[in-house]
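# Observations on chain architecture
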Amino acid sequence: MAKFEPTEHQHTRYNPLNGQWILVSPHRMKRPWSGQEERAQLNDLPEFDPSNPLCPGVTRSNGCKNPIYTSTFVFTNDFPALLEDVPLPPESDDPLFQTGGARGTCRVMCFHPKSNKTLPVMTPKEIRTVIDAWIAEFKTLASKYTWVQIFENKGASMGCSNPHPHCQIWACSFFPNEPRVKDEKLREYYQKNGTALLDDYTRKEITRKERVVIENADWLVVVPFWASWPFETMIISRNGNRRISDLSLQQINNLAIVIKELTIKYDNLFKCSFPYSMGWHGAPTGDLIGQDHRHWTLHAIYYPPLLRSATVRKFMVGFELLCQPQRDLTPEQAAGRLRELCGKKHYSEHI
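Quick caveat: nothing in here was measured; it's all calculated off a predicted structure. (Residues numbered from 1 in each chain as written. Predicted model: local features only at pLDDT ≥ 70, side-chain atom pairs only at ≥ 80, totals over all residues. Heavy atoms only, no water.)

### Examining the nonpolar core
As a reminder of what qualifies: For this analysis, a nonpolar core means a set of buried residues of the types Ala, Val, Leu, Ile, Met, Phe, Trp, Tyr and Cys, connected via side-chain atoms within 4.5 Å. Using a 1.4 Å probe on the protein chains alone, a residue whose accessible area is under 20% of its type maximum counts as buried, one over 50% counts as exposed, and one in between counts as partly exposed. The split into domains, and so the bounds of each, comes from an automatic or database assignment of domains. In what follows, a contact means two residues having at least one pair of non-hydrogen atoms within 4.5 Å.
Formed by 53 residues in total, the largest nonpolar core has its most connected members in I131, W134, I235, I244, I259 and W280. A domain split of this core shows at least three residues from each of domain 1 (58–84 + 102–172) and domain 2 (179–340). Setting aside residues no more than four positions away along its own chain, W280 makes contact with W134, W147, Q149, I150, W219, I244, L255, L298, H299 and A300. Among the nonpolar cores identified, the runner-up in size contains 20 residues, and C106, L197, I236 and W296 belong to it.

Below is the structure:
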């Protein structure tokens, strides 16, 4: 029998953060594609659109007028999934029909007053302002809510309904599924090994190098060994930080550099405004903030859908929905392509 080659032969990989397995099928990259193709997403927006409810000075659908903001701008979502003052559902003693309370708040944060200023074309100073705003909102909400989720959906193919550069922050009274399972797995690892899983993982990835995309003194960017999405990455703190509110000024500065470099690489990969969903995970807050969280390491996850080009994306359907995640190119191949790309100069600067 032939020798196993990870770039040729299908195999499975274990994700220790959620206990699930990933099917890797690299030979599928050779198959022809005749399925759906997306419209290539280009950053061709005007700086200002008077009909866009996220632009400075525009009146939103609820009648509120945005200020003429010149930096970041945060407001409570006009159509939130979570509200603070709502009645709780009755308790049920039937194990098949369980409900629970859900209170919270949802905020929108505009990154920049100009609609065509996405993160890769913003300056590091402007990105630092975004990070500072993330931290300020996190500190305010963490004192009250169990989980504060900072996330950005970029691009129509990832469900973004407004092209103005922005993110959202949802704070909730409950511990959501993904971070709750991650908390359990991280805690189990710490109890067994006496060290934080992602701290150990970071050290090993730095030694191996094969999945590293970017690194500096405070942050490591890798395509995880267990990545599901084609060009999925993680930004991992190298300083033992557990929450985004722990960051020092130097760590914020270096994070801004890393975010800019990574998002430039993404855009440069297929010469488009690269879509993704990203978000921060760290130790829980609210009533859980006083617990021992030495098992946590602050990290951000990027889930980009594009696979072959600016128009061909990965679909999580069929086997992925009914069995387990599946990917084509290996994480090492994805990391190699991202690592080789320029992260200092955006492709649009060549025009």
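### Points about the domain arrangement of the protein chain
This is how the line gets drawn: Buried area: the accessible surface (1.4 Å probe) lost by two parts on joining, summed over both. What makes a salt bridge here is a side-chain nitrogen of Lys or Arg within 4 Å of a carboxyl oxygen of Asp or Glu, nothing more. As used in this structure description, the phrase polar contact means that two N or O atoms lie within 3.5 Å; if the pair is within protein, one of them must be able to donate a hydrogen and the other to accept it, and residues adjacent in sequence are counted only when both atoms belong to side chains. Helix and strand assignments come from DSSP, with helices taken as H or I runs of at least 4 residues and strands as E runs of at least 2, each series counted from the N terminus. Residues were grouped as follows: Ala, Val, Leu, Ile, Met, Phe, Trp, Tyr, Cys and Pro as nonpolar; Asp, Glu, Lys and Arg as charged; and all remaining residues, including Gly, as polar.
Per the domain assignment, the segments making up the protein chain are domain 1 (58–84 + 102–172) and domain 2 (179–340). For domain 1 and domain 2, the distance between their C-alpha centroids amounts to 21 Å. Opposite the 30 residues of domain 1 that make contact, domain 2 presents 33 residues. Roughly 2600 Å² of surface becomes buried between domain 1 and domain 2 when both sides are summed, with 65% attributable to carbon and sulfur atoms. Its salt-bridge partner being D267, residue K154 comes within 3.4 Å of it at the nearest N-O pair. Between the two partners, domain 1 and domain 2, sit 18 residue pairs in polar contact (both at pLDDT 80 or more). Ranked by residue count, the leading element in the side of domain 1 that touches domain 2 is helix α1 (residues 124–142), at 10 residues. Along the lines of polarity and charge, the residues of the side of domain 1 that touches domain 2 split into 17 nonpolar, 7 polar and 6 charged.

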